[in-house]
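In case you want the letters, here they are:
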Amino acid sequence: MSARKSGLQKEVLALYRRALRMVNSKPESTRPKFLLFVRYSFHTNASSISPRNVSAIEHVLRKGVRQIEMYESAAVKDCWVSDEMLAWENVWKTGSVNKA
C-alpha cells in the first residue's frame, strides 16, 4: 500500500503528466528531444531542491507551468537539447558513465 500524497506532490505529478501529454502532441521526429527535455528538467529540479523546501518547490512548479504552457503551443515544433542533457540520458539509460 502506498503512502498518501500531499497536495504539492499531486501538483508535481499532474504537471509531469501534462508535460508527457505535450510531448505526444509534437511531431514524431522531435518527440525524443521533447521527452529528454522533460525528463532531464524534472530530474535536475527534483535532485536540486529539498523535499522540505515548500516555497522553492512552489516556485519551480509555477515556472514549470509557464514553460509547459509555452511548449504546448502548436507553433512550437522542436526544442533544443544540450550536450549535458544527452550525457545525462546516456548515463540514465546505461547506468554508467561512458568515458571516451
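The preceding data block contains the structure.
Residues numbered from 1 in each chain as written. Predicted model: local features only at pLDDT ≥ 70, side-chain atom pairs only at ≥ 80, totals over all residues. Heavy atoms only, no water.

Looking at the overall build of the protein
Here's step 1: Counting secondary structure elements, the protein contains four helices and zero strands.
Here's step 2: The principal-axis extent of the C-alpha atoms belonging to the protein is close to 40 × 40 × 30 Å.
Here's step 3: Counted over contacts in the protein with a minimum sequence separation of 6, partners at least 24 positions apart contribute 67%.
Here's step 4: Total accessible area on the protein stands at roughly 7400 Å², and carbon and sulfur atoms take up 55% of it.
Here's step 5: Charge-centre separation for the protein: the mean point of 17 positive side chains lies 6 Å from the mean point of 9 negative side chains. (Helix = DSSP H or I, 4+ residues; strand = E, 2+ residues; numbered from the N terminus. Contact = heavy atoms within 4.5 Å. Areas by Shrake-Rupley, 256 points an atom, 1.4 Å probe, with all protein chains shown as cover. Lys, Arg positive; Asp, Glu negative; His and termini not counted. Charge placed at Lys NZ, Arg CZ, Asp CG, Glu CD.)

Focus: the packing of aromatic side chains
Here's step 1: Counted under the stated rule, the structure contains five aromatic pairs.
Here's step 2: Seen from their ring centres, Tyr16 and Phe42 are 4.8 Å apart, and the 80 degrees between their planes marks the pair as edge-to-face. Pair noted here: Tyr16 is in helix H1 (residues 7-24) and Phe42 is in helix H2 (residues 31-48), with a separation of 26 residues, a long-range link.
Here's step 3: Consider the rings of Phe34 and Tyr71, whose centres lie 6.0 Å apart with planes at 85 degrees: the pair is edge-to-face. In this pair, Phe34 is assigned in helix H2 and Tyr71 in helix H3 (residues 54-71), connecting sequence segments 37 residues apart.
Here's step 4: Classification of Phe34 as buried rests on a relative accessible area of 0%.
Here's step 5: One aromatic cluster in this structure is built from Phe34, Phe37 and Tyr71. (Phe/Tyr/Trp six-rings, centres within 6.5 Å; stacked < 30°, edge-to-face > 60°. Buried < 20%, exposed > 50% of the residue type's maximum accessible area, 1.4 Å probe, protein only.)

Some thoughts on the environment of Met70
Here's step 1: Mapping Met70 onto the fold places it in helix H3.
Here's step 2: Measuring from C-alpha to C-alpha, the distance between Met70 and Trp80 comes to 14 Å, with 10 residues separating the pair along the chain.

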